[in-house]
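# Coordinate analysis (summary)
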Amino acid sequence: MTNNDVNKIKRKGTFKSAPLPEPTVSAEPLKGDELVKVAVAALEDVKAQDIQVIDVRDKQSITDYMVIATGTSNRQINAMLEKVREEVKKNGARPLGEEGKGDSDWVLLDLDLVIVHMMTASARQFYDLERLWAGAEQSRAADAKHHSPENTHEHFAKLNKDQQ
């Protein structure tokens with residue numbers, strides 16, 4: 001039988017190939033900064049825009065870092081979600097939850113020590129998470145000084161005079 005004859009024979013049934021090697025998972029879970037690097041690399045791989053990492057360890061106890069990235073469409077945001085989820089799982093981390101899949105303008109992936117926010121530009125501008133988490137305390141303190149007792153507004157001073 002020649003090679004041409006072998007190629008003409010139709011084989012029936014299924015063939016089982018050798019099992020794929022199991023991905024190696026490190027015994028120790030990823031730390032927050034390592035998880036951030038994996039998430040950012042995954043986001044960059046699918047062309048996410050304006051990736052910001054915010055360290056929120058000193059502001060609250062829910063998580064250590066927030067990663068915020070912009071996608072150009074809901075389809076890209078879903079691709080970003082899939083890629084980040086896939087990459088963190090390869091590195092031994094397990095996502096705790098996901099919110100906003102589908103046609104949502106804002107998708108969240110909770111990785112425990114890192115929360116990844118993926119949103120459209122309009123949603124990102126509307127919710128302005130960077131201002132909320134990065135500088136809310138400083139801007140609130142700076143803006144609130146004009147409400148101190150030493151610095152009374154003119155209309156309050158006039159109101160006080162009228163009442164006396």
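In this text the structure is predicted, and so the values were computed from the model without any measurement.

### Digging into the overall build of the chain
- A count of helices and strands for the chain gives seven helices and five strands.
- Secondary structure elements of the chain, listed N to C terminal, follow the sequence α-α-β-β-α-β-β-β-α-α-α-α.
- When burial is assessed residue by residue, the chain has 28% of its 164 residues classed as buried.
- Counting contacts in the chain only where the partners sit at least 6 residues apart, residues at least 24 apart contribute 54% of the total.
- Only carbon and sulfur atoms are counted for the fraction: they give 51% of the accessible area of the chain, which is about 12000 Å².

### Some points on the confidence of the model for the chain
- Averaged over every residue, the pLDDT of the chain is 75; residues scoring 70 or more account for 63%.
- A low-confidence stretch, residues 136-149 (pLDDT under 50), is modelled with six contacts involving residues beyond four sequence positions or located in other chains.

### A closer look at helix α3 (residues 74-90)
- Look at α3: 24 Å from first C-alpha to last across 17 residues, which is about the 24 Å you get at 1.5 Å a residue.
- Listed in full, the buried residues belonging to α3 are Gln76, Ile77, Met80, Leu81, Lys83, Val84, Arg85, Glu87 and Val88.
- Downstream of α3 by a residue or two, Gly92 has a phi angle that is positive, lying close to 90°.

### A few points about the pattern of salt bridges
- Summed over the entire model, instances satisfying the criterion amount to 11 salt bridges.
- Here Asp45 makes a salt bridge to Lys83, at a shortest N to O gap of 3.0 Å. Placement of Asp45 in helix α2 (residues 32-45) and of Lys83 in helix α3 is noted, with a sequence separation of 38 residues between them.
- The class of Asp45 is partly exposed, set by a relative accessible area of 47%.
- In this structure, Lys90 engages Glu86 in a salt bridge whose closest nitrogen and oxygen atoms are separated by 3.7 Å. Here Glu86 and Lys90 lie together in helix α3, a separation of four residues that amounts to about one turn.
- Judged by relative accessible area, Lys90 falls into the partly exposed class, the value being 47%.
- Through salt bridges with shared partners, a single network forms among Asp45, Lys83, Glu86, Glu87 and Lys90.

### Quick look at the packing of aromatic side chains
- This model, assessed by the stated rule, comprises two aromatic pairs.
- Ring geometry for Trp106 against Tyr127: centres 4.7 Å apart, planes inclined by 50°, an arrangement best described as tilted. Of this pair, Trp106 sits in strand β4 (residues 106-110) while Tyr127 is found in helix α4 (residues 121-127), placing the two residues 21 residues apart along the sequence.
- By relative accessible area, Trp106 is classed as partly exposed at 25%.

### Side note on the sheet that holds strand β1 (residues 49-55)
- Strands sit in the order β1-β2-β5-β4-β3 across an open sheet of five strands; the sheet is mixed. In this open sheet, the two edge strands, each paired with only one partner strand, are β1 and β3 (97-99). Ignoring which end each strand starts from, the neighbouring axes of this sheet average 15° apart.
- In this structure, β4 lies alongside strand β5 (residues 114-120), joined through five bridges in antiparallel fashion. Bridging across to β5, Leu108 finds its partner in His117.
- Contacting β2 (65-71), β3, β4 and β5, α3 crosses the sheet at an angle of about 160° to β5.

### Points about the environment of Val46
- For Val46, the location among the structural elements is in the loop between α2 and β1.
- Taking the C-alpha atoms as reference, Val46 lies 9.4 Å from Val84; in sequence the two are 38 residues apart.
- If sequence neighbours within four positions are ignored, Val46 has contacts with Gln76, Ala79, Met80 and Lys83.

Cut-offs applied
- Residues numbered from 1 in each chain as written.
- Predicted model: local features only at pLDDT ≥ 70, side-chain atom pairs only at ≥ 80, totals over all residues.
- Heavy atoms only, no water.
- Helix = DSSP H or I, 4+ residues; strand = E, 2+ residues; numbered from the N terminus.
- Buried < 20%, exposed > 50% of the residue type's maximum accessible area, 1.4 Å probe, protein only.
- Contact = heavy atoms within 4.5 Å.
- Areas by Shrake-Rupley, 256 points an atom, 1.4 Å probe, with all protein chains shown as cover.
- pLDDT = per-residue confidence, 0-100.
- Expected span 1.5 Å × (residues − 1).
- Salt bridge = Lys/Arg side-chain N within 4 Å of Asp/Glu carboxyl O.
- Phe/Tyr/Trp six-rings, centres within 6.5 Å; stacked < 30°, edge-to-face > 60°.
- Pairing = 2+ DSSP bridges.
- Axes fitted to C-alpha atoms, helices over the stretch in contact; angles between N-to-C directions.

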